[in-house]
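Each chain, letter by letter, is given below.
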Amino acid sequence: MGNGVQGGSNKLPPTGAVYDINEKALVRRIDYRIVPLMFFCYLMQFLDKVMINYANVMGLAKDTKLKGNEFSWMATAFFIAFALAEVPQGILLQKVALPYALGFNVILWGVVVCCTAACSSFGSLLAVRILLGALEAVISPSLVLITTTWYQRREASPRYGIWYCGLGGGQILGGILSFAFQHVTSKTFQGWRMMFVVVGAVNIIIGILVVIFLPAKPQDAKFLTKEEKSFVLARLATNQTGLPKKEAKKAQILEAFADANIWLLCLITLLCSLPSGVITTFSATLIRNFGYTTKQSALLNIPSGIISILSTMFATIAVGRGFPRWLSIVALVVPTIIGSALMSFLNSKNQGGLLTGIYLVNCTTAILVLVYSWVGSNVAGFTKKITANGMVAASFAIANIIGPQTFQAHDAPQYIPAKITILVVAALAGVAAILLRLLLAWRNKRRSGEVIVDEQLLWEDPTDRNNAGFRYIY
């Protein structure tokens, strides 16, 4: 068709346009270009986080002369930087094209990961973890924005699930790498140092690929024809959530901070992410304390990644087929509670039961991807969506600031207070999901009339609260 969208043009296809395009084949082509890059970015950033967990059982604490709670504080510092950096990273995402904002952050954090190999003290480790936290703060807001820029609400959840499986992939790959690098016998350049160099180099390569191959928006996609670009925009109009805009709107920022929907999403994020102190920082240490060797603890952590992937895929596929998001969260809370109860109350000699508890707690990781999909689907207005993503990411960071601090040295080796904390907050996450479902149903009930799909809304950029035709998904 001659009316297709070209380059950065804001031209829309004619209303009621008919396209001779195989929609399924087009979406598959978009999948092949976009989703693998998102998956590997998320995998590598989680691997960067979890490697400190594995490095700890590989001798990092001894080689860098860490004392008392310094390891916990190092993990906490990462997430303090992560939370504080959401503001500048949000500004970056508003002003700079998504591939550059994400890609150059990935390249830079790859350099920082490599630099970890040179650390020899608590101070140097603290510095690189702070830098890494600030750079990785871009990850979830950017990936949510990319997903909503390319996919309709009804098809987005499985795509969230695929790239979020990078978390489980990072857990699995981390266990394998830790096991492999524990066989390095060098006294001057220990295995954990070599592991950081290799992983950092891979990060740099992936960042370069993102800059080169990830289109900023459908209008810029060289792998699409003019008619296909026009058709993609027509599809996206059904979301009523707009496209990337460089102009920051103060009113949308204020609306985000006044929206109970977003605060409940932040609360769910906070509650479901507190257990990630076990998953990200202490799982290998806990498994070793069950009576296993360091090599065994690395391998025994691999099933945690498998559980994360399975729970994520089951949850997002179910949501993609119409299963309620809130009920999916409640369902995921149940095995998390069982797992934390097993860890907290089983006899310390029951290795099988304790391991089962560790594995079941990993079901909580899938809750976060449902929150991401909720933000992508239920928050309209580009500036508001960036603000909401930043608030959710900051809530994730705050949870991870609190989480490691529940693991105090004087509670070792069982860490019972931390395990009980996981049980309580998991239950509260289920309650918060039910409250959010009630709020969204109430908002939809107050909105009368037919839902009208207006392609002009892609450029007018109204928020969900200002668009009477918007309906919330729950």
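Above this text you will find the structure in question.
Not measured: the values here are computed from a predicted model. (Residues numbered from 1 in each chain as written. Predicted model: local features only at pLDDT ≥ 70, side-chain atom pairs only at ≥ 80, totals over all residues. Heavy atoms only, no water.)

S.K.: Teacher, can you tell me more about the packing of helix α4 (residues 86-95) against helix α5 (residues 98-116) here?
M.R.: Helix-helix packing: each pair is described by the crossing angle between the helix axes and the interaxial distance. In contact at an axis separation of 7 Å, α4 and α5 are set at 140° when each is read in the N-to-C sense. By the angle between their directions, the pair α4 and α5 is classed as oblique. Crossing of α4 against α5: the hand is right-handed. Between α4 and α5, the residues in contact are Gln-89, Leu-92 and Leu-93 and Leu-98, Ala-101 and Asn-105, respectively. In terms of residue class, the contact of α4 with α5 is built from 4 nonpolar, 2 polar and no charged. (Axes fitted to C-alpha atoms, helices over the stretch in contact; angles between N-to-C directions. Helix = DSSP H or I, 4+ residues; strand = E, 2+ residues; numbered from the N terminus. Parallel < 35°, antiparallel > 145°, perpendicular 65-115°, else oblique. Left-handed = near helix turned anticlockwise from the far one by under 90°. Contact = heavy atoms within 4.5 Å. Nonpolar A, V, L, I, M, F, W, Y, C, P; charged D, E, K, R; others polar.)

S.K.: Sorry if this is basic, but what is going on with the packing of aromatic side chains here?
M.R.: Think of a pair of aromatic rings as described by two things: how far the centres are apart, and how the planes are tilted against each other in angle. The final tally for this structure, using the stated rule, is 17 aromatic pairs. Relative to Phe-40, the ring of Phe-39 has its centre 5.2 Å away and its plane inclined at 75°; by these criteria the two rings are edge-to-face. Geometry around Phe-470 places Arg-153 over its ring, the cationic atom sitting 4.9 Å from the centre. (Phe/Tyr/Trp six-rings, centres within 6.5 Å; stacked < 30°, edge-to-face > 60°. Lys NZ or Arg CZ within 6 Å of the ring centre and 35° of its normal.)

S.K.: Just to check I follow, could you spell out the pattern of salt bridges for this structure?
M.R.: Close approach of charged atoms allows side chains of opposite charge to pair. By the definition in use, this model includes 13 salt bridges. Close ionic contact of Arg-29 with Glu-228 constitutes a salt bridge, the shortest N to O distance being 2.6 Å. Note that Arg-29 is positioned in helix α1 (residues 23-57) and Glu-228 in helix α11 (residues 226-236), a separation of 199 residues in sequence. Measuring nitrogen to oxygen at the nearest pair gives 4.0 Å for the salt bridge that ties Arg-154 to Glu-155. Owing to a relative accessible area of 55%, Arg-154 belongs among the exposed residues under this scheme. Exposure remark for Glu-155: the relative accessible area of 8% places this residue in the buried category. (Salt bridge = Lys/Arg side-chain N within 4 Å of Asp/Glu carboxyl O. Buried < 20%, exposed > 50% of the residue type's maximum accessible area, 1.4 Å probe, protein only.)

S.K.: So what exactly am I meant to see when it comes to the environment of Met-195 here?
M.R.: If you trace the backbone, Met-195 turns up in helix α10 (residues 191-213). Note: C-alpha distance between Met-195 and Val-184 (11 residues apart in sequence) is 9.9 Å.

Fair warning: the whole summary comes from geometry, so function is off the table for now.
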